[in-house]
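Next come the chains, spelled out residue by residue.
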Amino acid sequence: MSDLIGRRLGDFQVLRRLGRGGMADVYAARQMQLQRDVALKVLRHDQRPSDDDLRRFRREAQAAARLNHPAIVQVYDVGEIDDCHYIAQELIDGQNLSQRLQTQGPLPAHEAIDVMVQVTAALRVAHDAGITHRDIKPENIMRAEDGTIKVTDFGLARMLTSSDASTANLTRAGLTLGTPRYMSPEQIQGHSVDGRSDLYSLGVTMYHLLTGSPPFDAEEPIALAVKHLHDLPAPIDRQRGKDDVPEWLITVVARCMQKVPDQRYPSAVALQEVIEANRSGTDVTGTMTTSSTQVIPSESTSKSSSATVTLQRVTDAIAGRRRSHRRRWIRRIALAAGGVLLGAILASPMRSASVEQLLGTDTVPKADSIEIQYLTALSRNDVDGWTAVQTYFPIDQNVPGAQVRRVYHHKATLQLARLYIDQKRYRRGRECLDSLMTTALVSRLYQCVALILLDEIAAALADESRRPEIQRQLAQRVAELENENPASLEVLREVVPPSRLREIGILY
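Calculation notes
- Residues numbered from 1 in each chain as written.
- Predicted model: local features only at pLDDT ≥ 70, side-chain atom pairs only at ≥ 80, totals over all residues.
- Heavy atoms only, no water.
- Helix = DSSP H or I, 4+ residues; strand = E, 2+ residues; numbered from the N terminus.
- Buried < 20%, exposed > 50% of the residue type's maximum accessible area, 1.4 Å probe, protein only.
- Contact = heavy atoms within 4.5 Å.
- Areas by Shrake-Rupley, 256 points an atom, 1.4 Å probe, with all protein chains shown as cover.
- Salt bridge = Lys/Arg side-chain N within 4 Å of Asp/Glu carboxyl O.
- Expected span 1.5 Å × (residues − 1).
- Pairing = 2+ DSSP bridges.
- Axes fitted to C-alpha atoms, helices over the stretch in contact; angles between N-to-C directions.
- Parallel < 35°, antiparallel > 145°, perpendicular 65-115°, else oblique.
- Left-handed = near helix turned anticlockwise from the far one by under 90°.
- Nonpolar A, V, L, I, M, F, W, Y, C, P; charged D, E, K, R; others polar.
- Phe/Tyr/Trp six-rings, centres within 6.5 Å; stacked < 30°, edge-to-face > 60°.
- Lys NZ or Arg CZ within 6 Å of the ring centre and 35° of its normal.
- Core = buried A, V, L, I, M, F, W, Y, C linked by side-chain atoms within 4.5 Å.
- pLDDT = per-residue confidence, 0-100.

**Q** How should the overall build of the chain be read in this particular structure?
**A** When its secondary structure is counted, the chain shows 20 helices and 11 strands. The buried share of the chain, reckoned over its 508 residues, is 51%. Counting only contacts in the chain whose residues sit at least 6 apart along the sequence, the fraction spanning at least 24 positions is 64%. Of the roughly 22,800 Å² of accessible surface on the chain, a fraction of 49% belongs to carbon and sulfur atoms.

What follows is the structure in structure tokens.
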């Protein structure tokens, strides 16, 4: 049943298609008994739905049905008819904010403030009910014909009650849920999330609405994830090209987008209070007034966010070229070295062995591509996750993209070795690295990374007899890298601390 237009589904007469999401098709329909128009979300049949899909689909209805607020799309009914799982919900006459951006460009400041006020109010109700949305983005915010803002699609909502612990597996796939362009750092990493994750996504959404482009973007999900984890966005007014956005709003958005949850607003309630206290300093046209830069005295973190915005402007003015150069290297790291792989050589914290063993008891779902499989492994960071990259996507010279797969295999091996080292399972880590060093077509950059990790293992095991030979090979490959590919050597120097380079004999 690929298309329901014109068909009768129980009490619903399907009229036309409204859109298509990751799991479901959305139709406009008429509920005959009550004589009202509804939006009918029907789980697609192009792929056989798993039990997790069905549970997640039902959870969307259960979560949204518990919420009652003018800024939340109302759910009317949920059920199954003729093997079709559906949700009937309020039909909104209007467009989502992504469509608004495409047709009219960035929002005026006063419109953006109105959106933030209404979405924050909706999130306050949801969070009070113990529900996080997990996918706040322009596509999931509707503007009705009367101007009312409606938050829709609670398909990724997760109950935060103790009785709901069994639902943890629904989000085990991590990055297959949510939209990476708007996801919080903790959601990208597969960590537990709360309402502050929604505030981060709201901050990213507001930045997009005000500037016309998201704060971070990249062709590959991995590179995009790295930017959320490590990059700072360009100031809103510089990206927007004019200074008509109140300073307080820039500060509020900046605080919402803090990398660490504790540095954001503690709740939607707190965010709502700050917005209401400041918006009186903006007139109906969005023009800044004399009070538009006020800062709530108790908002010490807001002051910090404001200082960050100011510092970014100063830095941009006196060192724009240098920052642009550095960002090019960061992008190169993300694309060439699998994002956080090199950055995690010495510093990044990993999950403990006990957590890894717990996660490893589950089967890792197969992703649609090796890129997404790698990103899923990055969020799980366990043995099964990294092994799945190579198991599900073996290298076959007769298949297009063999070279891409080879690179991801090498990156996954290095990540797995790094995981073993953090768990003090040094011999397993050495096995991974030794196998990589004897594998054909491994880039010299990755060989250098492998040798640095092998030297770390030798030091941890007090195996001083091996270290001179490891460091000799490393020096040889660094020299080759310098002659043949200086850019890759710069990548290595960019992400390995200078003290570590000096320690192993590579002068910075």
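There's plenty left to go through after this.
**Q** Hey, could you run me through the pattern of salt bridges in this one?
**A** For side chains bearing opposite charge, pairing can occur when the charged atoms are close. One pass over the full model with this rule turns up 22 salt bridges. Ionic pairing is found between D422 and R418, a salt bridge with its closest N-O pair at 2.9 Å. Taken together, the residues D422 and R418, both in helix α15 (residues 402–422) and four residues apart, mark about one turn of the helix. For D422, a relative accessible area of 29% corresponds to the partly exposed category. Residue classification places R418 among the buried residues on the basis of a relative accessible area of 4%.

**Q** Mind showing me how you'd approach helix α9 (residues 268–279) here?
**A** Each full turn of the α-helix corresponds to 3.6 residues, which orients residues three or four apart in the same direction. An ideal rise of 1.5 Å per residue puts 16 Å on 12 residues; α9 measures up with 16 Å between its terminal C-alpha atoms. If you check which residues of α9 are buried, you get A268, A270, L271, Q272, V274, I275 and N278. Buried residues along α9 sit in contact with α3 (109–128), α5 (195–211) and α8 (247–256).

**Q** Would you mind showing me how to read the environment of A28 here?
**A** Here A28 lies in strand β3 (residues 24–31). Taking the relative accessible area as the measure of exposure, A28 reaches 1% and is therefore buried. Separated by 12 residues in the primary sequence, A28 and R16 place their C-alpha atoms 5.3 Å from one another. Ignoring any residue separated from it by four or fewer positions in sequence, one finds A28 in contact with Q13, V14, L15, R16, L18 and V38.

**Q** How should I be thinking about the sheet that holds strand β7 (residues 94–96) in this particular structure?
**A** Note on sheets: strands pair through backbone hydrogen bonds, and any given pair is parallel or antiparallel. Taken in spatial order, the three strands line up as β7-β9-β10 in an open sheet, and their pairing is antiparallel. A strand with exactly one partner marks an edge of an open sheet, and here the two such strands are β7 and β10 (149–151). On average, adjacent strands in this sheet sit at an angle of 25° to one another, irrespective of strand direction. In this sheet, β10 lies alongside strand β9 (residues 141–144) in antiparallel orientation, the contact comprising three bridges. Paired with I141 across the strands is V151, a residue of β10. This element, α3, spans β9 and β10 of the sheet and lies at about 40° to β10.

**Q** So what exactly am I meant to see when it comes to the packing of α15 against helix α16 (residues 426–437) here?
**A** In a pair of packed helices, the angle between the axes and the distance between the axes together describe the arrangement. With their axes 7 Å apart at the nearest point, α15 and α16 run at an angle of 160° to one another. One element, α15, and the other, α16, form an angle in the roughly antiparallel class. Here α15 runs over α16; the crossing is left-handed. Between α15, through H410, T413, L414, L416, A417, Y420 and I421, and α16, the contact on the second element is made entirely by Y426, R428, G429, C432, L433 and L436. Its residues assigned to classes, the contact of α15 with α16 comprises nine nonpolar, three polar and one charged.

**Q** What am I meant to see in the packing of aromatic side chains here?
**A** The description of an aromatic ring pair rests on the distance of the ring centres and on the angle between the ring planes. Counting across every chain of the model gives three aromatic pairs. The structure contains a cluster of three or more aromatic residues connected by ring pairs, namely Y374, W386 and Y408. Directly above the aromatic system of F393 lies the positively charged group of K366, at a separation of 5.4 Å from the ring centroid. Looking at K411, its charged tip hangs above the ring of Y374, at a distance of 5.3 Å from the centre.

**Q** Sorry if this is basic, but what is going on with the pairing of strand β6 (residues 84–90) here?
**A** Two faces make up the sheet, and in a regular strand the side chains alternate between them. Judged by how many residues are buried, β6 sits mostly within the fold: seven of seven residues are covered. Sheet topology note: the strand β5 (residues 75–81)/β6 ladder contains six bridges and is antiparallel. By the bridge assignment, V75 is partnered in β6 with Q89. Between β5 and β6, which pair antiparallel in sequence order, lie two residues; one of them, D82, sits at a positive phi of approximately 50°.

**Q** Could you clarify how one ought to interpret the packing of α16 against helix α17 (residues 444–460) in this entry?
**A** Between α16 and α17, the shortest axis-to-axis distance is 10 Å and the interhelical angle comes to 150°. Classified by the angle between their axes, α16 and α17 sit roughly antiparallel to one another. The crossing of α16 and α17 is left-handed. Residue-level inspection shows Y426, G429, R430, L433, D434, L436 and M437 of α16 in contact with α17, the latter providing Q447, A450, L451, L453, L454, I457 and A460. Across the contact of α16 with α17, the residue classes break down as 10 nonpolar, two polar and two charged.

**Q** What is the right way to read unusual backbone geometry from this model?
**A** Negative phi values dominate among residues other than glycine, just as trans dominates among peptide bonds. With phi around 65°, L441 is a residue other than glycine that occupies positive phi space. In this fold, L441 is placed in the loop between α16 and α17. Using a relative accessible area of 60% as the deciding quantity, one classes L441 as exposed. In this structure, A462 takes a positive phi of about 55° despite not being glycine. Note on placement: A462 falls in the loop between α17 and α18 (467–484).

**Q** Explain the nonpolar core to me, please; I cannot follow it from the model alone.
**A** Across soluble globular proteins, nonpolar side chains have a tendency to be buried as a group. Within the largest apolar cluster, 53 residues are counted, with the highest numbers of intra-cluster contacts made by M116 and L271. Looking at this core, the elements with two or more residues in it are α1 (51–65), α2 (97–104), α3, β10, α5, α8 and α9. No other element matches α3, which puts nine residues into this core. Of all hydrophobic cores here, the second largest spans 44 residues; its members include F393, L414, A417 and Y420.

**Q** Please explain the sheet that holds β3 as it appears in this structure.
**A** In spatial order, the strands read β1-β2-β3-β4-β6-β5; together these six strands make up an open sheet with antiparallel pairing. Sheet topology places β1 (8–9) and β5 at the edges, where each strand pairs with a single neighbour.

**Q** Honestly, the confidence of the model for the chain in this entry has me stumped. Any pointers?
**A** Low pLDDT marks regions whose predicted coordinates should not be analysed in detail. Mean pLDDT over the chain works out to 76, with 73% of the residues at or above the 70 mark. Considering only residues more than four positions removed or in separate chains, one finds that residues 159–177, a stretch of pLDDT under 50, has 45 contacts.

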